[in-house]
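Given next are the chains, with one letter for each unit.
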Amino acid sequence: MYDKTVRRRRAVLLLLVGLSLALLTAYFGESRRGPLHSVQRGVLEAFSPIQEGANRALTPVRDLIGWFGDTFEAKGERDSLRAELDRLRQEGVAEGVAQAQNRELKAALDYSSQLELSGFQPVTARVIARPPTVWFSTITIDRGSTAGIRRDAPVVSGEALVGKVSEVSAHAAQVTLITDHTSSVTARVIPVGAGRIVRASRADSGATGIVQTRVGDPGELVLEFVSEGKSVFRGDRVATAGTSPGSRFESLFPVGIAIGEVTKVDDDGASRDVRLRPYADLRGLEFVLVLTRGPGSPS
Amino acid sequence: MTLSARATARLVALAMVTVIVQIAALSQVLFLGVGADVSPLVVMAVGFLAGSVAGALTGFGVGLLVDLTLFQTLGVSSLVLTAVGYGVGRFRELRDPAHALAPLALGVAATAVAQIGFATIQFLLGVDAPLSSVLAWQILGALALGALLALPVHALVRTVLGRDLPDDPRSRRRLRAYTTGGLSPISRP
């Protein structure tokens, strides 16, 4: 009797571990159109109404628990926001001048060929689920292909980039955030106060690079492959670069969506370590805008 | 230790509710920048109350549901949580800890195994992550939240499973105390 129990227990363990490893191997080996991915899409579709209902029902509980954590963080956040407000006031005047110059330059350069946000139809979606670990930076939203959402559609919050749609079912979609380890975004550095005469000496501004994440650190991004000979300073802003003229590959993200602010630059001559703080509060998202081309658009 | 059909049904319902509450509510609440993860705690409680086989099966089921609903790499959470459920169940079967705070210690251990196991598998799968202070803070924060939530989660799982538990340690000890007059037969005069 004892031997039988032991054998059964060990067999169950071996079976479960073997199944897990088989799933892991098969999942890695198949394409996005493979059977396991299809099963995941089916489960996402089946669970999305339940998740949406649970999300709405548990909102008061979530807010109550969140209130305690927010209270701890509010004081520090208030001080940093005051400092930011002062800085933005100073920059506001200069931005007016820069915008006027921008309008003139756009007219001169036939800017209409570039992709602009006005070409998109934003779809508002509610965040209904997110993973508990920092290893996956994804969210699930309550809009899917029936709302015109397609894979790779850019997702923003306010005016800041959040990520892109990575999987879609009929009534839900998964968004991979810019802090996910699989995410890469071509970006351009916008010097603070660009257009101001006082910064005109920075003729080497406008560096480009690729924004990637530091896995395990959801509050920080890095700017990799920064163009040589271009300066980047702490406080500079970073926005999507869009598709470079003459490039063979079209960028998924339209030009000019704000990504974040440079918080640290380490330049030892041989390499540059540029860190960014994303503008979007990626761990506190409740609603996002998915930039679609409208229902029936090609995927 | 064999589970009745009713206990199995309750375990399946518990696994589904755990995953839905986890991903729809708890993952969206951050306390000092760290989110609570009750999945290892529920699996720990099942392993502690119902044994290693039930713990391993619940761990596999909860992990599979998490991976499916969140579009994560299939098999990762299942593997980690199976180990948690089986390990806690075996500990209970071999040592049978009677201390009231045993679920708290096991909850912290289960959270630690889940966090470190998940990180190790991610490293093995080639995710390039620095061993940063933020990552350490996430793990330590998760352990602290695990310690806070372990006892309530254990009490909740015990309530949900109720009389369907095949061999409830508390009932067994109460029965032993009654039949032996509260003392071991060896120490009786």
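In what follows, the accompanying structure is described.

About the criteria used
Residues numbered from 1 in each chain as written. Chains lettered and ligands numbered in written order. Predicted model: local features only at pLDDT ≥ 70, side-chain atom pairs only at ≥ 80, totals over all residues. Heavy atoms only, no water. Helix = DSSP H or I, 4+ residues; strand = E, 2+ residues; numbered from the N terminus. Buried < 20%, exposed > 50% of the residue type's maximum accessible area, 1.4 Å probe, protein only. Contact = heavy atoms within 4.5 Å. 1 Å grid on protein atoms, 1.4 Å probe; cavity = no way out; pocket = protein on both sides within 12 Å on 5 of 7 lines; lining within 4 Å. Points joined across faces, edges and corners; volume = space filled by probe spheres on them. Nonpolar A, V, L, I, M, F, W, Y, C, P; charged D, E, K, R; others polar. Core = buried A, V, L, I, M, F, W, Y, C linked by side-chain atoms within 4.5 Å. Patch = residues over 30% accessible without salt bridge, like charges linked within 9 Å, V, L, I, M, F, W, Y side chains within 5 Å. Areas by Shrake-Rupley, 256 points an atom, 1.4 Å probe, with all protein chains shown as cover. Salt bridge = Lys/Arg side-chain N within 4 Å of Asp/Glu carboxyl O. Lys, Arg positive; Asp, Glu negative; His and termini not counted. Charge placed at Lys NZ, Arg CZ, Asp CG, Glu CD. Polar contact = N/O pair within 3.5 Å; in protein donor to acceptor, adjacent residues only side chain to side chain. Buried area = accessible area lost by both parts, 1.4 Å probe. Axes fitted to C-alpha atoms, helices over the stretch in contact; angles between N-to-C directions. Left-handed = near helix turned anticlockwise from the far one by under 90°.

1. Description of the overall build of chain A
Okay, step 1: When helices and strands are counted, chain A shows three helices and twelve strands.
Okay, step 2: Across the 299 residues that make up chain A, the buried fraction comes to 42%.
Okay, step 3: Sequence separation of at least 24 residues holds for 64% of the intrachain contacts in chain A that already meet a minimum separation of 6.

2. Things to note about empty space enclosed by the protein
Okay, step 1: Scanning the entire structure with this criterion turns up six cavities of 30 Å³ or more.
Okay, step 2: Lining the largest cavity are 13 residues, with Pro132 and Thr133 of chain A together with Asp37, Ser77 and Phe118 of chain B positioned closest to its centre.
Okay, step 3: If you list the elements that add at least two residues to the lining of the largest cavity, you get helix H2 (39–50), helix H4 (76–95) and helix H5 (102–124) of chain B.
Okay, step 4: Estimates place the volume of the second largest cavity at around 110 Å³.
Okay, step 5: Lining the second largest cavity we find twelve residues, and of these Arg130, Thr133, Phe136, Ser137 and Arg283 of chain A sit closest to its centre.
Okay, step 6: In terms of residue class, the lining of the second largest cavity is built from six nonpolar, four polar and two charged.

3. As for the nonpolar core
The tendency in soluble globular proteins is for nonpolar side chains to be buried as a group.
Okay, step 1: Formed by 52 residues in total, the largest nonpolar core has its most connected members in Val46, Val62 and Val157 of chain B.
Okay, step 2: Where this core is concerned, the elements lending two or more residues are helix H1 (2–29) and helix H2 (35–57) of chain A together with helix H1 (5–24), H2, helix H3 (52–69), H4, H5 and helix H6 (133–161) of chain B.
Okay, step 3: Of the residues forming this core, the biggest block, nine residues, is contributed by H2 of chain B.
Okay, step 4: For Val46 of chain B, the contacting residues outside a window of four places in its chain are Leu11, Leu14, Gly51, Ala54, Gly55, Thr58 and Val157 of chain B.
Okay, step 5: The next biggest cluster of nonpolar side chains, apart from the first, holds 41 residues, and it includes Phe120, Ala153, Val185 and Leu291 of chain A.

4. Some thoughts on a negative patch on the surface
Okay, step 1: Together, Asp63, Asp70, Glu77, Asp281 and Glu286 of chain A give the surface a local cluster of negative charge.
Okay, step 2: Inspection of the secondary structure assignment puts Asp63 of chain A in helix H3 (residues 59–108).

5. With respect to the side chain of Ser169 of chain A
Residue and element names in this part refer to chain A.
Okay, step 1: Within the fold, Ser169 resides in the loop between strand E4 (160–168) and strand E5 (173–177).
Okay, step 2: Residue Ser169 is classed as buried on the basis of its relative accessible area, which comes to 8%.
Okay, step 3: At a separation of 2.7 Å, a polar atom in the side chain of Ser169 contacts the side chain of Glu45.
Okay, step 4: Among all residues touching Ser169, those that are not within four sequence positions of it are Arg41, Leu44, Glu45, Gly144 and Ser145.

6. As for the interface of chain B and chain A
Okay, step 1: Counting from both sides, the interface comprises 53 residues of chain B and, opposite them, 55 residues of chain A.
Okay, step 2: Roughly 5100 Å² of surface becomes buried between chain B and chain A when both sides are summed, with 73% attributable to carbon and sulfur atoms.
Okay, step 3: Its largest share of buried area at the contact with chain A, chain B owes to Gln28, Phe71 and Leu74 of chain B, together 15% of the area lost on that side.
Okay, step 4: Broken down by secondary-structure element, the contributors of at least two residues to the side of chain B that touches chain A are H1, strand E1 (30–31), H3, H4, H5 and H6 of chain B.
Okay, step 5: For the side of chain B that touches chain A, the element with the highest residue contribution is H3 of chain B, accounting for ten residues.
Okay, step 6: Residues that form the side of chain B that touches chain A fall into these classes: 33 nonpolar, 15 polar and five charged.

7. A word on the packing of H2 of chain A against H1 of chain B
Okay, step 1: Two elements in contact, H2 of chain A and H1 of chain B, have axes whose closest approach is 9 Å; the angle formed by their N-to-C orientations is 65°. For the pair H2 of chain A and H1 of chain B, the sense of crossing is right-handed. Between H2 of chain A and H1 of chain B, the contacting residues are Phe47, Ile50, Gln51, Ala54 and Asn55 of chain A on the first element and Met16, Ile20, Ile23 and Ala24 of chain B on the second.
Okay, step 2: Here the residues of the contact of H2 of chain A with H1 of chain B sort into seven nonpolar, two polar and no charged.

8. Some remarks on the side chain of Gln40 of chain A
Okay, step 1: With respect to the secondary-structure elements, Gln40 of chain A resides in helix H2.
Okay, step 2: For Gln40 of chain A, the contacting residues outside a window of four places in its chain are Tyr27 of chain A together with Asp67, Leu68, Phe71, Gln72 and Leu74 of chain B.

9. Things to note about the pattern of salt bridges
Residues and elements named next belong to chain A.
Okay, step 1: In total, this model carries ten salt bridges over all chains according to the counting rule given.
Okay, step 2: The residue Glu167 makes a salt bridge to Arg32 at a minimum N-O spacing of 2.5 Å. Taken together, the residues Glu167 in strand E4 and Arg32 in the loop between H1 and H2 connect sequence positions 135 residues apart.
Okay, step 3: Look at Glu167 and you get buried, because its relative accessible area is 3%.
Okay, step 4: A salt bridge links Arg56 to Glu52, with the shortest nitrogen-to-oxygen separation between them at 3.3 Å.

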